Amino acid sequence: MSTLARARCTLGAHPSALDTALATAVLVCMLAGSFVDPHGPEGVSWELRTPDALSLALMAVGAAALAFRRREPMAVLAVTGCASVVESVTGEPRAPVVMCAVVALFTVAASADRTTTWRVGLLTMTVLTGAAMLAGPLPWYAQENLAVFAWTGIGATAGDAVRSHRAFVQAIRDRAEKAERTREEEARRRVAEERLRIARDLHDVVAHHIALVNVQAGVASHVMDKRPDQAKEALAHVRQASRSALDELRATVGLLRQSGDPEAPTEPAPGLARLGELVGTFHHAGLHVEVARADQGTELPAAVDLAAYRIIQEALTNVRKHAGERAKAEVSVVRVGPNIEVTVLDDGTGDGTGTGDGTGDGTGTGDGAPVDGGGHGLLGMRERVTAVRGTLTTGPRYGGGFRVHAILPVRSRTDAADAVEDLV
């Protein structure tokens, strides 16, 4: 830090000392001006003179008032203005007491708004100049009287310029701070959204495949002695499901790697195009699933396509886990106007535990009884649907079973904005 910068910091930290130093400097200048007379006997020449006691007292009062100019700028202007008026009326020769009024007017203009500056500045110029011209000992057109008008105008204008500069600098700082806060908030929001999306993907992958592994392992254990061929087939399904789980976990965890990592996954996210494959895994697990689709030719945004796939996956996983061994499920994907509607129904037969997973928001049993647990399946569904601006309805069905119904927009908000720009 330079010497000038350190001096400015020191003075800024002690405003009272700075005002006192300024008042002292103004007093020295006024005293120096009061002892010099530019009007000599031979025209314009400089000579020494002795000011009267009243002028010295008025200069001392005005300089003392300037020491409090930051605390009470209006009061200081009133005191210095009165001292200047008295000097203009009585001083002969006149002392430069008006200098302290100019400094006080500058302070008011620098701290007040522009309207106040105009009003106070015009009033001060009118009073001081009028008193000097009309009641002073000099002719009204004297140079000293015009100087009063000019210096008061300069003081008000300079103060207003300083105030405008300060406001401009402060506005720039505020905008910079706001932009920095906005960037930080946006970064935190994106990180939170990404963490939430990865958590949902992990939950979907683990819940689906581990449920299938659990079911097929149970089947293999049950028929191992009596039907070894069926047990072998069940173990093959266990191997396939576990391999799929590992692949999807590797792909999901790969999202946390750096963008330049050559091992980062490149295969597309699953969507409704893989619905048949998804339903096939549940068929192998012993769940009877019927699929009805009326969305041929519909191209979905990647986020909507993934959300629809994950909703069906989670709903069927809950059916297999909670609705009983003899439960049946129905999946329908229908295009209705600007939306795609995904519905998953089950009949809640068997042990009658329904598709609820204990999230506490519309979950339950096939007959309306609550299910104990701490899963996050339905919560994850709601978050996915909300992320794509859709709606989700879940709840028990009349007569047993459970219903999951999602309405997803065919076009995402980004696609809609692009279409509007194309039209424009």
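Up top is the structure these notes are about.
This is a predicted model, so every value here is computed, not measured.

Rules used in this analysis
Residues numbered from 1 in each chain as written. Predicted model: local features only at pLDDT ≥ 70, side-chain atom pairs only at ≥ 80, totals over all residues. Heavy atoms only, no water. Helix = DSSP H or I, 4+ residues; strand = E, 2+ residues; numbered from the N terminus. Buried < 20%, exposed > 50% of the residue type's maximum accessible area, 1.4 Å probe, protein only. Areas by Shrake-Rupley, 256 points an atom, 1.4 Å probe, with all protein chains shown as cover. Expected span 1.5 Å × (residues − 1). Arc of directions from axis to C-beta. Polar contact = N/O pair within 3.5 Å; in protein donor to acceptor, adjacent residues only side chain to side chain. Pairing = 2+ DSSP bridges. Axes fitted to C-alpha atoms, helices over the stretch in contact; angles between N-to-C directions. Contact = heavy atoms within 4.5 Å. Core = buried A, V, L, I, M, F, W, Y, C linked by side-chain atoms within 4.5 Å. Parallel < 35°, antiparallel > 145°, perpendicular 65-115°, else oblique. Left-handed = near helix turned anticlockwise from the far one by under 90°. Nonpolar A, V, L, I, M, F, W, Y, C, P; charged D, E, K, R; others polar. Right-handed = clockwise from strand over helix to strand, strands pointing away. Salt bridge = Lys/Arg side-chain N within 4 Å of Asp/Glu carboxyl O.

1. Topic: the overall build of the protein
In terms of regular secondary structure, the protein is built from twelve helices and seven strands. Scored against the burial criterion, the 424 residues of the protein give a buried share of 38%. Of the accessible surface of the protein, which amounts to about 24,200 Å², a share of 60% is contributed by carbon and sulfur atoms.

2. Here we look at helix α6 (residues 114-134)
For α6, with 21 residues, the first-to-last C-alpha span of 29 Å sits near the 30 Å given by 1.5 Å per residue. Residues of α6 that are buried include every one of Thr117, Val120, Gly121, Thr124, Met125, Leu128, Thr129, Ala131 and Ala132, and no others. One side of α6 holds all its buried residues, which, seen down the axis, span an arc of 160 degrees. Among the exposed residues of α6, those pointing more than 90 degrees away from its buried face are Trp118, Arg119, Leu123, Thr126 and Leu134. The distance from a side-chain oxygen at the start of α6 to the backbone nitrogen of Thr115 is 3.1 Å, and the residue carrying that oxygen is Asp113.

3. Section: unusual backbone geometry
Most peptide bonds are trans, and most residues other than glycine sit at a negative phi. Although it is not a glycine, Arg389 adopts a positive phi angle of roughly 70 degrees. Mapped onto the secondary structure, Arg389 falls in the loop between α11 (377-387) and β6 (391-396).

4. Section: the sheet that holds strand β5 (residues 339-346)
Pairing is mixed across the open sheet formed by five strands, whose spatial order is β3-β4-β5-β7-β6. Since the sheet does not close on itself, it has two edges, and those belong to β3 (288-294) and β6, each with one partner. Direction aside, neighbouring strands of the sheet carry axes that sit 10 degrees apart on average. Relative to strand β7 (residues 402-409), β6 runs antiparallel, the two being bridged by six bridges. Along β7, the bridge assignment pairs Gly395 with Arg403. Packed onto the sheet, helix α9 (residues 275-284) meets β3 and β4 (328-336) and runs at close to 165 degrees relative to β3.

5. Overview of the environment of Gly348
Assignment of secondary structure puts Gly348 in the loop between β5 and α11. Residue class for Gly348 comes out buried when judged on its relative accessible area of 14%. Between the C-alpha atoms of Gly348 and Gly400, which are 52 residues apart in sequence, the distance is 5.6 Å. Ignoring any residue separated from it by four or fewer positions in sequence, one finds Gly348 in contact with Ala323 and Gly401.

6. Focus on the nonpolar core
By size, the foremost hydrophobic cluster in this structure holds 41 residues, and its most contacted members are Val289, Ile312, Leu316, Val404 and Leu408. Listing elements by their share of this core, those giving two or more residues are α7 (143-223), α8 (228-253), α9, α10 (302-322), β4, β5, α11 and β7. Element by element, the count of residues in this core is highest for α10, at nine residues. Core analysis: the second largest hydrophobic core is formed by 20 residues, Leu58, Met59, Ala65 and Val76 among them.

7. Quick word on the pairing of β3
Across seven bridges, the pairing between β3 and β4 is parallel. Opposite Ala292, over in β4, you have Ser332 as the bridge partner.

8. As for helix α2 (residues 15-34)
Relative to the 28 Å expected for 20 residues at 1.5 Å per residue, α2 spans 28 Å between its end C-alpha atoms, a close match to the ideal helical length. The set of residues buried in α2 consists of Asp19, Ala23, Val26, Met30 and Ser34. In an axial view of α2, the angular spread of the buried residues amounts to 70 degrees, which keeps them on one side of the axis.

9. Here's the deal with the packing of α10 against α11
Across the interface, α10 lies against α11 with an axial gap of 10 Å and an inter-helix angle of 165 degrees. When the axis of α10 is compared with that of α11, the two are roughly antiparallel. Taken as a pair, α10 and α11 cross one another with a handedness that is left-handed. Contact residues: Leu306, Ala307, Arg310, Ile311, Glu314, Ala315 and Asn318 in α10; Gly377, Met381, Arg384 and Val385 in α11. Considering only residue class, the contact of α10 with α11 consists of six nonpolar, two polar and three charged.

10. Examining the pairing of β4
A crossover connection joins β3 to the parallel β4 through α10; in handedness this β-α-β unit is left-handed. Across eight bridges, β4 lies against β5 in antiparallel orientation. Note on β5: the bridge partner recorded for Val336 is Asn339. Hairpin connection from β4 to β5: two residues lie between these consecutive antiparallel strands, with Gly337 at a positive phi of about 60 degrees.

11. Side note on the environment of Gly81
You can see Gly81 is positioned in helix α4 (residues 73-90). On the basis of relative accessible area, Gly81 is assigned to the buried category, the value being 13%. Sequence-wise, Gly81 and Val127 are 46 residues apart; in three dimensions their C-alpha atoms are separated by 8.5 Å. Contact partners of Gly81, with chain neighbours within four places excluded, come to Ala101 and Leu128.

12. Some points on the pattern of salt bridges
Under the criterion given, the structure shown has nine salt bridges. Between Glu180 and Arg183 there is a salt bridge whose closest N-O contact spans 2.5 Å. Of the two residues, Glu180 and Arg183 both sit in helix α7, three residues apart, roughly one turn of that helix. A salt bridge links Glu277 to Arg274, with the shortest nitrogen-to-oxygen separation between them at 3.6 Å. According to the relative accessible area criterion, Glu277 is exposed, its value standing at 51%.

Everything listed here is a matter of coordinates, which is why it stays silent on function.
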